[in-house]
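A structural walkthrough
Each chain, letter by letter, is given below.
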Amino acid sequence: MSPRAVLTYVLALSALLVLTAFAFAVGRFPLALGDLAALVANQLFGAGYAIPPTAETVVLQVRGPRILAALLVGAALAAAGTAYQGMFRNPLVSPDLLGVSAGAALGAVLGIFFSQSVLVIQLGAFAGGLLAVAVVYAVGASVRRHDPILALILAGIVIGTLFGSLIGLLKYLADPYNQLPAITFWLLGSLAAVAPRDLALAAPFAVAGLVPLYLLRWRMNLLSLSDDEARALGVSVARLRIAVVCAATLMTAAAVAISGIIGWVGLLIPHASRLLVGPEFSRLLPLSMLLGAAFLLAVDTLSRTIAPIEVPPGVLTALIGTPFFLWLFATARRSWQ
Amino acid sequence: MAVMLEARGLGYGYPQRPVGRDLDLALAAGDVLCVLGPNGGGKTTLFRTLLGLLPPQAGAVLLDGQALAAMPRGEVARRAGYVPQGHAPQFAFTVREAVLMGRTSHIGLFAAPGAADRDAAERAIRALGIGELAERLVTELSGGERQLAMIARALAQGARLLVLDEPTASLDFGNQVRVLREIRRLAAEGYAVVFSTHDPGQAFLAASRVLLLAPGGALRQGAPPEVITPENLRTAYGVEVRVAAVGDMRVCLPAL
């Protein structure tokens, strides 16, 4: 690794740690950093410092799960986005592509519509995301006469639109006092209601998606070449692509199951990371996950502190993401080549 | 001399659209085969079939005497290196990283390149004399530099057969000469090289054999002076050409 890349990693890791401490400290019930340190010492080493009992509840029951969720969802979305972008040879694609997010949202909205438990809603999100990818992949693979990548992307857009209109139908039919707010809340994305159980349910899936990406980290680079080139270099492109799509989708669905749809993270963060350390996947993936975790934590902390009511984080990421995307579009020549 | 690349009664193209048929080829170490033919004449289709990227419609391709159809992709990659037609790369890898990708077939599915792979990539970079480009980004190279980097990647594969699709297309005069010089040098070192071009004169400069693909699938194959004649070029390209001698060199001159 070049000195510049090492420095980038050190800075990203420090930023993440400072941000995490800050996120624990601020909010409706501000905590002194001293109390925070005492609490950590108590928990880890049984130090027995005296701290206000409310502080302990806030950290362990309220902010802890929420901060962990922000870190996990941010890292998962960024990792999935990095994989999708490398695989589709296009730095402007994201997990929203392939209909993953729309499929997961449809699954969740169905669960809410039929007044199911939180667990069923999450599993619905999960199944919806995987189903969307399976359909998109089947459609993309059956149109043999087109460029396979283009076929996948177009199929993703079409299926995503279809799922979007089904969601629209469910919203139209939903009980406007009870279900509709819940559906809207989910579609905007939020980490406010995360319980430790949600994390425990989704985290294994996120890890299961990350493991293949990590193992294939060097070979992923080959997917950035044309299919012919990669195959001539000895890669089974079709099989590798299926493995990576499954892994990235698993991570996206796990993230959506925790937080609902939070857009833009999977687009912005991989791109920014690539500008910092280059496209080499084994160097890019960890940085992307670090920055994704830091970014979503920052956004979520803002969303619960800047106004008396919570601002949905999906709205904030869109406010930051849109200008970034336009800037990318205008200057893309240099960076996306 | 052992035959490295062989085609027997090869039909290539697509089920509904055959491009060529009944092609026989045999290439040994040190041979340079120049493939000529008009646009859409099937040069790239033939190359993709020779590399197993496209299934043959008839006949068979053999690499080092073994059937290509039964060979795993990694095995093919260790025998045949491919430099596709030049196009702008999408991601800004450095030249060193791009050449290292040539080692894929020597690296396990879940592994990263080791010291031996890095050495092989460095040797390939030095062999092409592009050491000063190693840290440059492939997206910022000129056409000629990129072509040399791609040839270095093919060398890093460890393959002794190189298939170059229009390696001199859209290169300036100096870079065309440089690429042709590399082809000659590699053949002298015992590589077998197949390359395609739009300039019949390049066959006289660099090739030991010529394959002329004419419309309708008519094929001519042989030593450059036998194949590159005014009659054959008229059939293939539909224009008048003179073949003249300058010293002991032959050149192709179009008659306007």
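Source: prediction; values computed, not measured. (Residues numbered from 1 in each chain as written. Chains lettered and ligands numbered in written order. Predicted model: local features only at pLDDT ≥ 70, side-chain atom pairs only at ≥ 80, totals over all residues.)

Section: the interface of chain B and chain A
This is how the line gets drawn: Here, residue contact means that the backbone-derived C-beta atoms of the two residues sit within 7 Å. Only DSSP runs of H or I covering at least 4 residues are called helices, and only runs of E covering at least 2 are called strands; the numbering of each starts at the N terminus. All residues other than Ala, Val, Leu, Ile, Met, Phe, Trp, Tyr, Cys, Pro, Asp, Glu, Lys and Arg, Gly among them, are scored as polar; the first ten of these are nonpolar and the last four charged.
If you look at the interface, chain B gives 24 residues, while chain A gives 22 residues. Counting residues per element, the side of chain B that touches chain A draws most heavily on helix α2 (residues 73-79) of chain B, which supplies three residues. For the side of chain B that touches chain A, the class distribution of residues is 14 nonpolar, seven polar and three charged.

What about the sheet that holds strand β4 (residues 58-63) of chain B?
Put simply, the test is: Strand pairing is defined by DSSP finding a minimum of two bridges between the two strands.
The four strands are arranged β2-β1-β4-β5 (chain B) in an open sheet whose pairing can be described as antiparallel. Two strands bound the open sheet, and with one partner strand each, they are β2 (17-28) and β5 (66-67) of chain B.

So, the confidence of the model for chain B
The cut-off we apply is this: Known as pLDDT, the predictor's per-residue confidence is scaled from 0 to 100.
Of the residues in chain B, 98% have a pLDDT of 70 or more, and the chain-wide mean is 92. Here the complex is predicted with pTM 0.88, and the ipTM for its interfaces comes to 0.92.

Brief notes about the packing of helix α3 (residues 53-87) of chain A against helix α12 (residues 281-305) of chain A
All names here are of chain A. For the record, the criterion: Angular values range over 0 to 180 degrees, each being the angle between N-to-C directions of two axes fitted as lines to C-alpha atoms, with helices fitted over their stretch in contact. Any angle that falls under 35 degrees is termed roughly parallel, while one over 145 is termed roughly antiparallel, one within 65 to 115 roughly perpendicular, and all others oblique. Handedness of a crossing follows from how the near helix is turned relative to the far one, being left-handed for an anticlockwise turn of less than a right angle and right-handed for a clockwise one.
For the pair α3 and α12, interaxial distance at closest approach is 7 Å and the crossing angle is 140 degrees. Taken together, the axes of α3 and α12 are oblique relative to one another. Our pair here, α3 against α12, has a crossing hand that is right-handed. Together, Ile-67, Ala-70, Leu-71, Val-73, Gly-74, Ala-75, Leu-77, Ala-78, Ala-79, Thr-82 and Gly-86 of α3 and Phe-281, Leu-284, Leu-285, Ser-288, Met-289, Leu-291, Gly-292, Ala-293, Phe-295, Leu-296, Leu-297 and Asp-300 of α12 make up the contact between the two elements. By residue class, the composition of the contact of α3 with α12 is 17 nonpolar, five polar and one charged.

Section: the sheet that holds strand β6 (residues 80-83) of chain B
Residue and element names in this part refer to chain B. Pairing is mixed in the open sheet, where six strands are placed in the order β6-β7-β8-β3-β9-β10. Only two strands of the sheet have a single neighbouring strand rather than two, namely β6 and β10 (219-222). Averaged over all pairs of adjacent strands, the angle between their axes in this sheet comes to 15 degrees, without regard to strand direction. The sheet contact formed by strand β7 (residues 161-164) and strand β8 (residues 192-196) spans four bridges and is parallel. Each residue of the ladder has a partner; that of Val-163, found in β8, is Val-194. Along the sheet face, helix α5 (residues 143-156) touches β6 and β7 and points at about 165 degrees away from the line of β6.

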